[in-house]
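Single-letter residue listing:
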Amino acid sequence: MTMKQFTQTDIEKMIALHNSGDHSQVIKLAKGFLKHHSNQIFLWNIMGASYERENDLVNAKNCYENAVRLNNQIPEIVFNLGAVKFNLNDLDGALQNYNQALSIKPDFVEVFFNKGILYQKKGEFDLALENYHKALEIQPGFYEALNNIGSVYQQLGKLDDAIEIYKKSLAITKASRTHFNLAGAFRNQGNLKLAITEYKNAINIENDNPEYFTDIGDALWHDGNVDEGKKFLLKAIEIDPHHPKANYQLAIFYYDHVLLDQALPHFEKANLFDSDSRALHCLYKLKHYPDFEKKLKKVIGKKHTSPLLATLSTHFAVNFNKQDVYNFCPDPLSFVMHTKVPELLENNHALLKSLLNDIEQAEISDRKQSRLFNGTQSSGNLFQRSESSFKALSEGLKKLIQLYFQSNQEKSCAFIKMFPKEIIFSSSWYVRMKKGGHLTSHIHEDGWISGAVYLKIPQHRDNIDEGAIELSTHGDNYPVEQDNFPKKVILPEEGDVIFFPSSVFHRTIPFTSDEERICIAFDLKPNSELINNNFI
């Protein structure tokens with residue numbers, strides 16, 4: 001049999017096919033040539049690259065490994081192997097290959113950039129910044145590295161620094177992703193107007209990205225432009241009917257507007273975040289009990305880490321006299337803690353007064369809240385803002401949360417076993433209410449432990465519970481087949497804080513006084529990787 005020759009013409013043909021996107025043909029040709037030319041590094045490398053483009057990462061990895069075995073001194077191929085390992089979540093293996101590539105080519109800018117991404121994923125932010133800065137030293141106009149530096153600052157809650165970096169990046173290149181990231185930073189600061197402007201800038205550059213349409217739709221909705229927000233959310237689905245985030249956010253929109261039959265199919269299609277739990281919520285409130293119970297049994301075996309699933313499981317168990325087998329937080333009202341915040345009482349209530357002043361003076365957009373009546377709620381994350389009062393309060397709360405954990409650490413439920421080791425507030429906002437103000441019953445689906453600090457409480461009451469918080473295992477108009485749900489009513493004083501599991505329903509009892517009621521609410525939760533991997 002005559003050996004099939006492999007020539008420069010074949011190389012050029014395969015490169016052209018690869019560049020045109022005909023990756024299956026490249027793989028077919030490479031396999032044919034490799035039968036007689038298994039020592040050709042080019043063939044292994046281009047076949048690996050084609051498998052990678054087809055998202056067949058395991059075969060891509062095998063091809064790159066064969067190429068590296070033939071010659072481990074080609075930095076680009078070693079880098080390719082590391083990049084595939086990263087995408088396969090083999091972070092240690094990827095780092096080893098990245099460092100090997102740098103030992104061959106010390107100024108390999110893409111390697112420093114990818115090392116930054118790797119360390120950022122691991123939460124090792126100092127090392128991430130160090131590598132992004134090294135990439136910038138080699139290539140000063142590397143705006144993608146600037147973007148990622150901004151995103152690290154954003155993750156660290158250093159929003160002013162993040163915004164400054166994004167603006168530097170935009171001075172180099174008007175990239176859509178930079179505008180999008182800048183919008184996210186403005187939104188975290190609570191400035192919805194500026195966020196919406198930057199989302200629009202991103203869309204003007206790249207008008208077919210469903211993520212951009214999803215986020216501007218959500219921002220417009222929460223800024224009070226409900227109809228316009230819905231149009232953008234629907235446009236995201238039009239661009240990509242299967243996009244997970246687009247389906248999830250449209251479902252959240254319908255969910256919030258109690259259009260549960262419309263929310264349900266989008267939650268089921270999203271397969272993202274807590275979409276399984278929210279689909280169950282829709283089934284339960286629609287009284288589709290057989291479907292609910294069937295899906296609950298399927299989902300409940302996966303993990304015991306969802307506050308919403310805990311709420312549903314507990315409510316269903318009480319409603320139908322069944323055993324509650326979900327071990328997120330049995331008997332959740334026993335985990336309610338009511339205490340004082342010492343820092344708010346010191347120095348003649350100086351910090352409390354400063355907080356009230358900053359709430360009054362700071363430029364923070366209102367966030368539209370369908371459950372809130374005669375009141376306003378802030379956008380963004382207060383504890384990530386630069387005002388010293390918010391930072392001081394967050395530090396005081398961290399101490400109390402540690403005490404809260406210590407007082408419950410002998411408990412065996414997931415709520416305590418997976419209690420956040422590092423206390424970072426995933427969200428925080430103020431709520432201001434006037435006469436007749438109240439929040440209807442709800443839980444914090446995205447939290448783990450929730451709470452509220454009370455800065456101003458009406459003193460005049462026609463009834464003893466006016467302005468109090470009611471906590472219960474029933475609420476949000478859940479269907480009631482029997483009324484046997486416990487509740488706890490607490491009337492807080494100024495300077496108080498109340499902690500509770502995020503699975504607990506809570507509402508504000510309306511008040512008739514002309515005085516204002518002001519509190520700062522917050523959530524924190526464990527590292528997402530811990531939730532996803534360690535308690536199944």
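Figured I'd write up the structure that's included with this text. (Residues numbered from 1 in each chain as written. Predicted model: local features only at pLDDT ≥ 70, side-chain atom pairs only at ≥ 80, totals over all residues. Heavy atoms only, no water.)

1. A look at the nonpolar core
- Leu-397, Phe-415, Phe-499 and Ile-520 are the most contacted members of the largest nonpolar core, which has 151 residues in total.
- Counting residues per element, this core draws most heavily on helix α15 (residues 244-256), at 8 residues.
- Apart from the residues within four sequence positions on either side, Leu-397 is in contact with Val-341, Phe-383, Phe-425, Val-453, Val-497, Phe-499 and Phe-522. (Core = buried A, V, L, I, M, F, W, Y, C linked by side-chain atoms within 4.5 Å. Buried < 20%, exposed > 50% of the residue type's maximum accessible area, 1.4 Å probe, protein only. Helix = DSSP H or I, 4+ residues; strand = E, 2+ residues; numbered from the N terminus. Contact = heavy atoms within 4.5 Å.)

2. Observations concerning the packing of α15 against helix α17 (residues 275-285)
- Packing of α15 against α17 leaves a shortest axis separation of 12 Å and a crossing angle of 30 degrees. As far as their axial angle goes, α17 and α15 are roughly parallel. Remark: the crossing between α15 and α17 carries left-handed chirality. Between α15, through Tyr-248, Ile-252 and Tyr-255, and α17, the contact on the second element is made entirely by Ser-275, Arg-278, His-281 and Cys-282. (Axes fitted to C-alpha atoms, helices over the stretch in contact; angles between N-to-C directions. Parallel < 35°, antiparallel > 145°, perpendicular 65-115°, else oblique. Left-handed = near helix turned anticlockwise from the far one by under 90°.)

3. Some words on the sheet that holds strand β3 (residues 425-439)
- On the basis of which strands lie adjacent, the open sheet formed by 6 strands has the order β1-β7-β4-β9-β3-β2 and antiparallel pairing. The sheet terminates laterally at β1 (337-340) and β2 (372-377), the two strands that pair on one side only. When strand polarity is set aside, the average angle formed by the axes of neighbouring strands in this sheet is 25 degrees.
- Of the strand pairs in this sheet, strand β4 (residues 449-456) and strand β7 (residues 496-501) are connected by 5 bridges, and their pairing is antiparallel. If you follow Val-453 over to β7, its bridge partner there is Val-497.
- Together, β1, β3, β4, β7 and β9 (517-524) form the strand contacts of helix α22 (residues 388-408), whose direction differs from that of β7 by roughly 55 degrees. (Pairing = 2+ DSSP bridges.)

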